[in-house]
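Fold and geometry: a report
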Amino acid sequence: MKRTSPRLAARRMPNNHRLSLGATALAAIALAGCASSPPGSSDTPTRPSSSFTVPGLEKPAEVLVDRWGVPHLYAGTLYDAFVAQGFIAARDRLWQMDLWRKRGLGEMAKDFGPAWVESDRAARAVLYRGDMYREWLAYGSDAKRVAEAFTAGVNAYVAQVRAQPALLPTEFALLGYQPATWSPEDVVRIRHHGLTLNFTSEVDRARAFCAGGQGVKADWLRRELDPPVTPKVPVGFDPCTIPAAELRAAYMRATESPQFSKANTRVGMDAGAPSTPVALLPGSAESIAAKAEQDAAQQQEQALQGDPTGAYGSNNWVISPKLTSTGRPILANDPHRSHGAPSLRYMTHLSAPGMDAIGAGEPFLPGLSIGHNGTIAFGLTRFYMDQEDLYVYQLNPRNPNEYRYQGRWEPMTRVTERIAVKGEGAPREVVNTFTRHGPVLLSEPGKRRAYALRAAWLEPGMAPYFGSMDYMRARNWDQFRAAMNRWGAPGENQVYADSSGNVGWIPGGLTPIRPNWDGLMPVPGDGRYEWSGFRNGDELPSEFNPARGYVVTANENNIPPDHPAAKKGIGYEWSDAARARRLKELFAAKVAAGSRFTIEDSERMQNDIVATPAQRLLKLLAGLRSDDAQTAAGLRLLQGWDGTMDRDSAAAALYEVWSSKPLRAAVLKAGAGDVGAPLAAPGDNTRMVLLLENPFGWVSDAERDALLLQTLPPAMQELTAKLGPDMKAWKWGTLHRAEFRHPLAGVVDAATRKKLDVGDWPMSGSSFTPMAATYRASDYKLTAGASFRMVLDVGNWDASRVINTPGQSGNPDSPNYRDLAPLWLEGKYVPLVYSRGAVEKETVERIQLAPAK
């Protein structure tokens, strides 16, 4: 088999991933945003070499940056590799890293003013506050040493920036502040970035059950539960007492990414101006009310960011050598998260004595969570175990800092801290309170109630993704499995392959044991509902060299029904199974045909745009007719379509508008009534399709068919208003646009926004295609999906392929800030070069790092 050279230009995907932008136009886009030649060309200019003194290094290190912006770090000692990683990550992503730290530690007000005091207090409530000795030991023997090395590298670059103001990233200048220095503890104490769930679903379920019978129906439509279970209101809990909006706001204030708006952020000449102090009463219901005006001002920008839970997805698979064309395993992974500029993922190659690993992680963490180490390969998706609970307390009428527990009044722990506030001479004092279960997110002294979060991710050893430091250095399945048994948060599916030809799958995560409830509702915090520990990792299923020859996961409930874990309440709220269903269909068809899998097959599957829910609904439309001209025209369009969410498809545009808006609203109303429909919104897509396929019990077949027809005209009218009256000119991609927004996009002027944001391109796919492309209902713009895709040829590592959009760099002036976005849009990849020889051929910049004398 002829192999493509790593130096060749990235491949173009086949016709099932068609574009409305031609190759010439895309090349122009790439050139417009990139000072260098197109990726893969032989004339990409070499950049000047540079050298830095880096305190913390023991020996000199060298960094080779390839044409796609991936740094290949060659260090003389193991820990020097992590010093170099911290330094180079800060060089590429300093503002992104500084913002993550600032938000996580609750230090936003220090540089952005009093509007951030309450969110700082909330962020501090969910910091890890336990014993640091136990914390470090939970990850492995050298976890602290790795974090010390990484933060030493970050701090070395921060010192360079302070010494050379020209190195200061644009965002710091816009906002008028300087980057902070890091401590090793920052890396593991911050927990808010771990894809937390299911606190808000418990709130929503309680709200629905308060409405009685229609509310129960609404909750069935709101979220699929798998395995099937009927939620029960816990004894002692009244769902009608839940202040749903306030609790949601409090939880998001503690865990969401920073939401910059003109109401809370000043840029340019105003960045250094004193702010008007805002008096807040942290943690109380009164503070929530006092912030209502500010929160309302932020809603528009938050809406532009999309619903973060829509980003909780991923695909991964591993294929045994007996099914591949190369006779080697293939491992593929495309984690789905919220899109933005810069990318969440950051690719790095760490080469040092005892370690030679390459792949991607998050720039603010040492090590890699996705990739390979020359012997084993690994890739992750979310495994939706339930790691959170909401506890409701009765407060002492004589002392609101005490709550009832096992028949007595137990005092809360009060932690008072001082928050520096920009524009104010003295720091603010804020108070967080904690019960035995966790941080109090909301207190209502007037109603004698308080609400606390209990989260597995606040336990020792639960810093999100930091546990990858352990498995990324494993050399075989037994070591990898042992590392995953120690994995804490978030819950993960890991697929595995090694150069000996073995493949496997193992989930991991800290799973609470709830002996007398299912975790689907809030519970009284009076001692009746307590976790009785955590499940052993060996209680979860796993596979090693399965007979079928492959493993596919896509966030569905993949616990086998006959496995003991299926009855242990690991989790009930999983991602929609549409992606998993489609991928498994593709695998089964390939195996049945006797064809062998290639690297290109995995690329095609990662970019597959067939929506199985659409195909199921099309079967219901197959025999329908209408005398109404508009309805008939819409029916003809859909009946001639196969469910492929191509950006050039008129039918795809009609289907998405119809199924997500008028049809969804009509099904919710029919299924839950006028009272229940708002409680079910936006509704679960799988539940909607199931109800339409099996209408018995709520409507007749005829009424179902009438509903399908009656909801088409509103969708046709919306498309006519937005795309014009000519149906032949409609295109899904005209609505569904790929745009990578910078966090400051909503607060800067138009010229700066153009510099910071990346793209505004027609986009194929949807939330329910393997090529996940989640969008905002308000304007159909892309919010989440696979910013990073990887396909590994296990053992022939230089033949592996990867893409990271919009680019590797966080510097808008860098040629690597947006250069990969047009390639990603087309479903293209670039080589993930690994051997020293292959790296040298693609090197465009050399950086020498020297120890401090």
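The rules behind each value
- Residues numbered from 1 in each chain as written.
- Predicted model: local features only at pLDDT ≥ 70, side-chain atom pairs only at ≥ 80, totals over all residues.
- Heavy atoms only, no water.
- Phe/Tyr/Trp six-rings, centres within 6.5 Å; stacked < 30°, edge-to-face > 60°.
- Helix = DSSP H or I, 4+ residues; strand = E, 2+ residues; numbered from the N terminus.
- Buried < 20%, exposed > 50% of the residue type's maximum accessible area, 1.4 Å probe, protein only.
- 1 Å grid on protein atoms, 1.4 Å probe; cavity = no way out; pocket = protein on both sides within 12 Å on 5 of 7 lines; lining within 4 Å.
- Points joined across faces, edges and corners; volume = space filled by probe spheres on them.
- Core = buried A, V, L, I, M, F, W, Y, C linked by side-chain atoms within 4.5 Å.
- Axes fitted to C-alpha atoms, helices over the stretch in contact; angles between N-to-C directions.
- Parallel < 35°, antiparallel > 145°, perpendicular 65-115°, else oblique.
- Left-handed = near helix turned anticlockwise from the far one by under 90°.
- Contact = heavy atoms within 4.5 Å.
- Nonpolar A, V, L, I, M, F, W, Y, C, P; charged D, E, K, R; others polar.
- pLDDT = per-residue confidence, 0-100.

Things to note about the packing of aromatic side chains
Considering all chains together, one arrives at 36 aromatic pairs under this definition. Arranged with centres 5.2 Å apart and planes meeting at 45 degrees, the rings of Phe480 and Tyr496 form a pair that is tilted. Highlighted residues: Phe480 in helix 15 (residues 477-485) and Tyr496 in strand 17 (residues 492-498), separated in sequence by 16 residues. Here the two residues Phe480 and Tyr496 agree in accessibility, since each one is buried. Aromatic ring contacts, followed pair by pair, group Phe378, Tyr465, Tyr471, Trp477, Phe480, Trp487, Tyr496 and Phe544 into a single cluster.

Things to note about empty space enclosed by the protein
Using the criterion set out here, one finds eight cavities of 30 Å³ or more in the structure. In this structure, the largest cavity occupies an estimated 80 Å³ of space. Residue lining of the largest cavity: Ala138, Tyr139, Gly461, Ala463, Gly467, Asp470, Ala483, Arg486, Trp487, Gly488 and Ala489, and that is the complete set.

So, the nonpolar core
Among the nonpolar cores identified, the biggest contains 127 residues, and Phe260, Leu331, Phe466, Phe480, Leu744 and Leu849 are the most heavily contacted of them. Of the residues forming this core, the biggest block, 14 residues, is contributed by helix 2 (residues 78-105). Counting 49 residues, the second largest nonpolar core, distinct from the first, contains Ala633, Trp641, Ala677 and Met688.

Description of the packing of helix 21 (residues 662-680) against helix 22 (residues 685-693)
The N-to-C vectors of helix 21 and helix 22 enclose an angle of 70 degrees; their axes lie 10 Å apart at closest approach. It follows that helix 21 is roughly perpendicular to helix 22 by the angle criterion. Once helix 21 is placed against helix 22, the crossing between them reads as left-handed. Residues Leu663, Arg664, Val667 and Gly671 of helix 21 lie in contact with helix 22, whose contacting residues are Asn685, Met688, Leu691 and Leu692. Its residues assigned to classes, the contact of helix 21 with helix 22 comprises five nonpolar, two polar and one charged.

Focus on the environment of Ser183
Within the element layout of this structure, Ser183 appears in the loop between helix 7 (170-175) and helix 8 (184-189). For Ser183, a relative accessible area of 25% corresponds to the partly exposed category. Separated by 36 residues in the primary sequence, Ser183 and Ala147 have C-alpha atoms spaced 8.5 Å apart.

Overview of the confidence of the model for the protein
Chain-level pLDDT for the protein is 90 on average; 89% of the residues reach the 70-or-more range. With pLDDT under 50 throughout, residues 1-42 is counted as low confidence; its partners more than four residues away or in other chains account for 94 contacts. Counted against residues more than four places away or in other chains, residues 272-311, with its pLDDT under 50, gives 76 contacts.

What about the layout of surface pockets?
The computed volume of the second largest pocket comes to approximately 580 Å³. Taken together, 29 residues form the lining of the second largest pocket, with Arg91, Asp92, Ser809, Asn811 and Ser814 sitting closest to its centre. Secondary-structure elements contributing two or more residues to the lining of the second largest pocket are strand 1 (50-54), helix 2 and helix 7. The element contributing the most residues to the lining of the second largest pocket is helix 2, with six residues. Of the residues that constitute the lining of the second largest pocket, the class distribution is twelve nonpolar, ten polar and seven charged.

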